[in-house]
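Working through the structure, step by step
Listed below, chain by chain, are the residues.
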Amino acid sequence: MTLAFHWFLPTYGDGRNVVGGGHDVAAGSKEEQRPATVRYLAQIAVAAEQLGFDGALTPTGSWCEDAWVTTAMLARETERLKFMVALRPGFVSPTLTAQMAATFQRHSEGRLLLHVVTGGESREQRAYGDFLAKDARYGRTGEFLEIVRRLWGGESVDFSGSHLRVEGARLGRLPDPVPSVYFGGSSPEGIEVAALHSDVYLTFGEPPAQVAEKLARVRARAARAGRRLRFGIRLHVITRDPAGQAWAEARRLLEGFGPEAIRSVQAGLRDSESEGQHRMRALHGGRSDALEITPNLWAGIGLVRGGAGTALVGSHREVADRIIEYHRLGIDEFVLSGVPHLEEAYWFGEGVLPLLAREGLWTHPAHDRAVYDRAVYDRAVSDRAVYDRAVYD
């Protein structure tokens, strides 16, 4: 199996410095951002598609734009790129979610992936009208995914659980293909849901030994349920040749944080209910003087950003080697981001992906470029002919 790479769509804004946000932490200064317009996000999506990324993750929360609406608009701007739409089970009914996914698949020609987020911060959940405690939210997520999967399988569903109830639920049209479900969670409850209901288990970018231990727990629980999952990892990247240029960029980003910004963000993240967030904070401990926690793994991003807080930093060869190291643990999918997202996509796509291709670990999803380019050309010609005819008529 070749490796799959996904990029990230910063629907909260972008810039040459780290824009914060996530886990109920407010996004960064608007003055330092590139606004998250459809035009700018389309630039990132098209670049990711051309470079060979399989998909692009779009976050969810009060600090960013809605993932469903944004990606539905961006699907028209791309040809092949898949959209990993983050959603929270407590906000939309499972039947409507299953229907939305089926509709997205038809209109995007099968380019939807789902990243299910239980929600780690009760304060943010309550703002959306969700007053369940964290453990109960995981229970609801399991019920939610059971209903959704049964609907995607063509069943007429009657379900009465501890949190959700539907009667006579059925889809008029099924998704083709059924979207893969991505899920991350480091707590025992999170691992339980992932093992029973997800297709791909996602971990934050922890040191390899910690990742190996976590993956072993997920594998064991999934095996007891007769299931086998794929594994992915969420990381930022700063890759340059030579390596000194990458570390210089990391230092530049760190200099832009400011001690007050770090204190403010860390104070907010300290009370997080997310086990994954606690593990991220433990890597740096709020300090900025020892951030390379294992070769080429830098914890600086987590000083001012919730969620994924580590970056692979180094030369193209070093970053490729670290990816291979994670791959040997069983990880086949890499969900990546960089600062700014447009430029860093090119640094990684033109610097690291060719190295992995030469080692037989990655192929461009549009590997038969002649066929792919011809399909793009034919669609453009067809659209133009329709447009010209409409104008003429």
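This is a predicted model, so every value here is computed, not measured.

Cut-offs applied
- Residues numbered from 1 in each chain as written.
- Predicted model: local features only at pLDDT ≥ 70, side-chain atom pairs only at ≥ 80, totals over all residues.
- Heavy atoms only, no water.
- Axes fitted to C-alpha atoms, helices over the stretch in contact; angles between N-to-C directions.
- Helix = DSSP H or I, 4+ residues; strand = E, 2+ residues; numbered from the N terminus.
- Parallel < 35°, antiparallel > 145°, perpendicular 65-115°, else oblique.
- Left-handed = near helix turned anticlockwise from the far one by under 90°.
- Contact = heavy atoms within 4.5 Å.
- Nonpolar A, V, L, I, M, F, W, Y, C, P; charged D, E, K, R; others polar.
- 1 Å grid on protein atoms, 1.4 Å probe; cavity = no way out; pocket = protein on both sides within 12 Å on 5 of 7 lines; lining within 4 Å.
- Points joined across faces, edges and corners; volume = space filled by probe spheres on them.
- Core = buried A, V, L, I, M, F, W, Y, C linked by side-chain atoms within 4.5 Å.
- Buried < 20%, exposed > 50% of the residue type's maximum accessible area, 1.4 Å probe, protein only.
- Patch = residues over 30% accessible without salt bridge, like charges linked within 9 Å, V, L, I, M, F, W, Y side chains within 5 Å.
- Areas by Shrake-Rupley, 256 points an atom, 1.4 Å probe, with all protein chains shown as cover.
- Salt bridge = Lys/Arg side-chain N within 4 Å of Asp/Glu carboxyl O.
- Pairing = 2+ DSSP bridges.
- Expected span 1.5 Å × (residues − 1).

1. So, the packing of helix H6 (residues 188–197) against helix H7 (residues 208–224)
At their nearest, the axes of H6 and H7 sit 8 Å apart, and the two run at 50 degrees to each other. With respect to H7, the axis of H6 lies oblique. Pair H6 / H7 crosses with right-handed handedness. Contacts between H6 and H7 involve Ile-191, Glu-192, Ala-195 and Leu-196 from the former and Arg-217, Val-218, Arg-221 and Ala-222 from the latter. Classifying every residue of the contact of H6 with H7 by side-chain character gives 5 nonpolar, no polar and 3 charged.

2. Topic: empty space enclosed by the protein
Unoccupied space between atoms shows up once a probe the size of one water molecule is rolled over them. A full pass over the atoms with the stated rule returns 3 cavities of 30 Å³ or more. Here the second largest cavity is characterised by a volume of approximately 90 Å³. Lining the second largest cavity are 13 residues, with Tyr-12, Val-19, Arg-305, Val-339 and His-341 sitting closest to its centre. Classifying every residue of the lining of the second largest cavity by side-chain character gives 5 nonpolar, 6 polar and 2 charged.

3. Some points on the nonpolar core
Counting residues in each nonpolar core, the largest one holds 76 residues, and the members touching the most others are Phe-5, Phe-53, Ile-323, Tyr-326, Phe-334, Phe-348 and Leu-356. Here this core gets 8 residues from one element, more than from any other, and that element is helix H1 (residues 38–51). By size, the runner-up hydrophobic cluster in this structure holds 21 residues, among which are Trp-247, Ala-299, Ile-301 and Val-304.

4. Some words on the environment of Gly-190
Structurally, Gly-190 can be placed in helix H6. For Gly-190, a relative accessible area of 0% corresponds to the buried category. Through-space distance from the C-alpha of Gly-190 to that of Thr-118 is 8.5 Å; in sequence the pair is 72 residues apart. Each residue touching Gly-190, except ones within four places of it in the same chain, is listed here: Tyr-138, Phe-183 and Gly-185.

5. Observations concerning a nonpolar patch on the surface
Together, Val-38, Val-69 and Met-73 make up an exposed nonpolar region whose accessible area comes to about 240 Å². Mapped onto the fold, Val-38 is located in helix H1. Since its relative accessible area comes to 31%, Val-38 is described here as partly exposed.

6. Focus: the pairing of strand S8 (residues 200–204)
The buried fraction of S8 amounts to 5 of the 5 residues, a majority that puts the element mostly inside the structure. Both faces of S8 are covered, namely the face carrying Val-200, Leu-202 and Phe-204 and the face carrying Tyr-201 and Thr-203. Taken together, the 2 bridges between strand S7 (residues 181–183) and S8 define a ladder with parallel strand orientation. In the sheet register, Phe-183 faces S8, and the bridge partner there is Tyr-201.

7. Digging into helix H5 (residues 134–152)
Look at H5: 27 Å from first C-alpha to last across 19 residues, which is about the 27 Å you get at 1.5 Å a residue. Phi turns positive one or two residues past the end of H5, at Gly-154, with a value near 90 degrees.

8. Structural notes on the pairing of strand S13 (residues 333–337)
The buried fraction of S13 is high, at 5 of 5 residues. Looking at chain direction, strand S1 (residues 4–8) and S13 are connected through 3 bridges and run parallel. From the neighbouring strand, Ala-4 faces S13, where its bridge partner is Glu-333. Sheet analysis places strand S9 (residues 230–239) next to S13, joined by 5 bridges and oriented parallel. Residue pairing for S13: Ile-233 is matched across the bridge by Phe-334.

9. Considerations on the packing of helix H2 (residues 67–74) against helix H3 (residues 94–108)
When two helices pack together, their arrangement is captured by the angle between the axes and the distance separating the axes. Relative to each other, H2 and H3 sit at 15 degrees, their axes nearing to 11 Å. The orientation of H2 relative to H3 falls into the category roughly parallel. The hand of the H2/H3 crossing is left-handed. Across from Trp-68, Thr-71 and Ala-72 in H2, the residues of H3 making contact are Met-100, Ala-101 and Phe-104. Among the residues forming the contact of H2 with H3, the class breakdown is 5 nonpolar, 1 polar and no charged.

10. Quick word on the pattern of salt bridges
Taken as a whole, this structure holds 21 salt bridges when the rule is applied. Arg-317 is the partner of Asp-321 in a salt bridge, and the nearest nitrogen-oxygen pair spans 2.9 Å. You can see Asp-321 and its partner Arg-317 sitting in helix H11 (residues 316–328), 4 residues apart, about one turn around the helix. Assessed through its relative accessible area of 31%, Asp-321 is described here as partly exposed. One salt-bridge network, in which partners are shared between bridges, spans Arg-16, Arg-34 and Glu-343.

11. A short note on unusual backbone geometry
A cis amide bond, omega -5 degrees, links Asp-241 with the succeeding residue Pro-242. Cis geometry marks the peptide bond from Val-339 to Pro-340, where omega comes out at -15 degrees. Examined against the element boundaries, Pro-340 turns out to sit in the loop between S13 and helix H12 (341–351). A positive phi angle, near 60 degrees, is found at Glu-109, a position not held by glycine. Structurally, Glu-109 is set in the loop between H3 and strand S4 (112–116). Here the phi dihedral of Asn-296 falls at roughly 70 degrees; this positive angle occurs in a residue that is not glycine. Position of Asn-296 relative to the elements: it lies in the loop between strand S10 (292–294) and strand S11 (297–298). Take Asn-296: its relative accessible area is 7%, and that puts it in the buried class.

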